[in-house]
Amino acid sequence: MENSQLVEKIGVYLNSELVEKIGVVSVCFILSYLLIKHIWSSVKMEKEPTRVLVTGAAGQIGYALVPMIARGLMLGPEQPVILHLLDIEPAAEALNGVKMELIDAAFPLLKDVIATTDVVEACEGVNIAIMLGGFPRKEGMERKEVMSKNISIYKAQATALELNAADNCKVLVVANPANTNALILKEFAPSIPENNITCLTMLDHNRAIAQIADKLNVHVSDVKNVIIWGNHSSTLYPDVNHATVTSTDGKKLVRELVANDHWVNKELVSRVQQRGAAIIKARKLSSALSAASAACDHVCTWVLGTKKGTWVSMGVYSDGSYGIQPGLIYSFPVTCKNGEWSIVQGLKIDEFSREKMDATEKELIEEKQVAYSCLNSSA
Ligand SMILES: NC(=O)c1ccc[n+]([C@@H]2O[C@H](COP(=O)([O-])OP(=O)(O)OC[C@H]3O[C@@H](n4cnc5c(N)ncnc54)[C@H](O)[C@@H]3O)[C@@H](O)[C@H]2O)c1
């Protein structure tokens, strides 16, 4: 055989061996990819469901909130949930109706629904507790009387949560008086870390953003970093001194864009403070859809985190930041990361803001005193 023929034969042989090897490597690669993909998707499918308690679930906010949770709007589209619904005996039938509707909606993320009037059963193993249940103020009732009824509810539910909830359970109190109910819950559930007990002021936060967006004719998602300070009541203070609007021209301060101090200091403040009353006047019922949506935003932000450079408002345990009495549940600007919130530090507070922040703090101190006097008289 001539040398050139030999070289050709060896070349053909090597080529076919190479092609074969490439083929084998490719098949191995594809199989490994499919295997990893399969393992990954089964790992994802096997995510443990989060148990979410909703008290007062037969009420208006409950009816709007539970489908949002079951649809993944609160904990993300890949987190299965088990809903624990609690209400009182007179609402038991309505509560069962809510459960039936949840079943009928066939939510893929909803793994189970427990509807009960037994507070211990409701709190068993819950990871998140959203407290909507409470005693509403009725015509002719004294503030102290309403406070006293809610205190006994929150004292009992605090104990049930403390004894039965999962470790590190996160609590959001929505029912009014939200800040003081949260404070009572904290007092009577001492083993739940104080940072895990919060109250809702996200509705006021969202309302302030919506008013600013409307005034400046921009989209709500372009308005960032408003602050709600204080109590979820008519003394709350929406502060826009650090709020910005992002547009094609870059980021600008809301106060400069509005260029009308009267609107910012008076009109906006009063609109946000009075928005709840305006909704009642229009609907003949208090806000429910927006409150449920804000409760979702609150927990979602707390669990999944705030975007870089932005904050939200939450009623949290005061550590004395901004000179606010430690131990109150007061609404502050917070950032969230890895399931923990922290109060935004170092913001400049002008004289006008200081006055408003102190006024709402004063109201919370008074509420706390009334709450304690109710506790002492019922002891
Ligand atoms: N923080 C906020 O931003 C905000 C906004 C809107 C409403 N709220 C408050 O949220 C609460 C709920 O509002 P809603 O419109 O759904 O009221 P709702 O009256 O429609 O529902 C309240 C539900 O709580 C139940 N309930 C009463 N006592 C209970 C108890 N001990 N245990 C469990 N459930 C109990 C009632 O039976 C009822 O089903 C109210 O206190 C309201 O003032 C707060």
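Predicted model, so just to flag it, every value in this text is computed and none were measured.

Reading the values: rules and limits
Residues numbered from 1 in each chain as written. Predicted model: local features only at pLDDT ≥ 70, side-chain atom pairs only at ≥ 80, totals over all residues. Helix = DSSP H or I, 4+ residues; strand = E, 2+ residues; numbered from the N terminus. Buried ≥ 20, exposed ≤ 12 C-beta atoms within 10 Å, placed from the backbone. Contact = placed C-beta atoms within 7 Å. Domains from an automatic or database assignment. Nonpolar A, V, L, I, M, F, W, Y, C, P; charged D, E, K, R; others polar. UniProt positions renumbered as here; feature names shortened; annotations may be inferred. Core = buried A, V, L, I, M, F, W, Y, C linked by C-beta atoms within 7 Å. Pairing = 2+ DSSP bridges. Right-handed = clockwise from strand over helix to strand, strands pointing away. Near = placed C-beta within 6 Å. Expected span 1.5 Å × (residues − 1). Bend = angle between axes of the 7 residues up to and from the residue.

Draft legend 1. Structural context of the overall build of the chain. Scanning the chain from N- to C-terminus turns up eleven helices and 14 strands. Dimensions of the chain, computed from C-alpha atoms along their principal axes, come out at roughly 115 × 55 × 40 Å. Taken across its 379 residues, the chain has 39% of its residues classed as buried. Contacts in the chain between residues at least 24 apart in sequence constitute 71% of all its contacts with a sequence separation of at least 6.

Draft legend 2. Highlighting the domain arrangement of the chain. Annotation of the chain at the domain level lists domain 1 (50–199) and domain 2 (202–367). Going through the elements one at a time, α2 (60–70), β4 (128–131), β5 (170–173), α6 (178–187) and β6 (197–199) are the ones with two or more residues in the side of domain 1 that touches domain 2. Here the side of domain 1 that touches domain 2 takes six residues from α6, the largest share from any one element. Taken together, the residues of the side of domain 1 that touches domain 2 sort by class into 17 nonpolar, six polar and three charged.

Draft legend 3. Examining the UniProt feature "active site" (unreviewed entry) in the chain more closely. Mapped onto this numbering, the UniProt entry annotates "active site" (unreviewed entry) at His232. The topology assignment puts His232 in the loop between β8 (227–229) and β9 (237–239). Not counting the four nearest positions on each side in its chain, His232 is found in contact with Ala178, Asn179, Cys199, Leu200, Thr201, Asp204, Gly315 and Ser331.

Draft legend 4. Here's a closer look at the environment of Val272. As for its position among the elements, Val272 is in helix α9 (residues 261–283). Since 25 C-beta atoms lie within 10 Å of it, Val272 is described here as buried. Through-space distance from the C-alpha of Val272 to that of Arg207 is 6.2 Å; in sequence the pair is 65 residues apart. Filtering out sequence-adjacent residues up to four positions away, Val272 remains in contact with Asp204, Arg207, Ala208, Gln211 and Pro238.

Draft legend 5. Spotlight on the nonpolar core. With 80 residues, the main nonpolar core has Leu83, Ile130, Val173, Val174 and Ala295 as its most contacted residues. In this structure, this core is formed jointly by two domains, domain 1 (50–199) and domain 2 (202–367), each of which donates at least three residues. Non-local contacts of Ile130, meaning those with residues more than four positions away in its chain, are made with Val52, Leu53, Val54, Leu172, Val174 and Ala295. Listed in part, the 19 residues of the second largest apolar core include Ala208, Val226, Trp229 and Val264.

Draft legend 6. Local environment of the sheet that holds strand β7 (residues 223–224). With respect to topology, three strands assemble into an open sheet ordered β7-β10-β11, the strand pairing being antiparallel. Each having just a single partner strand, β7 and β11 (250–253) make up the two edges of the open sheet. Looking at chain direction, strand β10 (residues 244–247) and β11 are connected through four bridges and run antiparallel. The residue of β11 that forms the bridge with Thr246 is Lys251.

Draft legend 7. Up close: the pairing of β4. Both faces of β4 are covered, namely the face carrying Ile128 and Ile130 and the face carrying Ala129 and Met131. Relative to β4, strand β1 (residues 50–55) runs parallel, the two sharing four bridges. Counted as the bridge partner of Val54 is Ile130 from β4. Two strands pair when backbone bridges link them, and β4 and β5 are joined in this way by four bridges, in the parallel orientation. Bridge pairing links Ala129 to Val171 in β5. At this point the chain moves from β4, through helix α5 (residues 143–164), to the parallel β5, and the crossover so formed is right-handed.

Draft legend 8. Molecular detail of the site of the ligand. For the ligand, the set of nearby residues contains 28 residues, the closest of which are Gly56, Gly59, Ile61, Gly133 and Ala175. The element that contributes the greatest number of residues to the shell around the ligand is α2, accounting for three residues. Along the lines of polarity and charge, the residues of the shell around the ligand split into 16 nonpolar, eleven polar and one charged. Summarising the domain contributions, the shell around the ligand has at least three residues from each of domain 1 (50–199) and domain 2 (202–367).

Draft legend 9. Representation of α9. For α9, spanning 23 residues, the distance from its first C-alpha to its last is 31 Å, which sits close to the expected 33 Å at 1.5 Å a residue. Along α9, the largest kink reaches about 50 degrees and is centred on Arg275. Turning to α9, its buried residues are Val264, Leu268, Val269, Val272 and Gly276. On its buried side, α9 packs onto α7 (202–216), β9 and α8 (254–258). Immediately downstream of α9, the backbone of Lys284 shows phi near 65 degrees, a positive value.

Draft legend 10. How the structure looks around the environment of Asn206. In this fold, Asn206 is placed in helix α7. Spatially, the C-alpha atom of Asn206 lies 9.7 Å from that of Ser293, the residues being 87 residues apart in sequence.

Draft legend 11. Summary view of unusual backbone geometry. With an omega of -5 degrees, the peptide bond between Asn176 and Pro177 qualifies as cis. Along the chain, the position of Pro177 falls in the loop between β5 and α6. Positive phi, close to 55 degrees, is recorded for Asn217, a residue that is not glycine. With respect to the helices and strands, the residue Asn217 is situated in the loop between α7 and β7. A tally of 6 C-beta atoms within 10 Å means that Asn217 is categorised as exposed.

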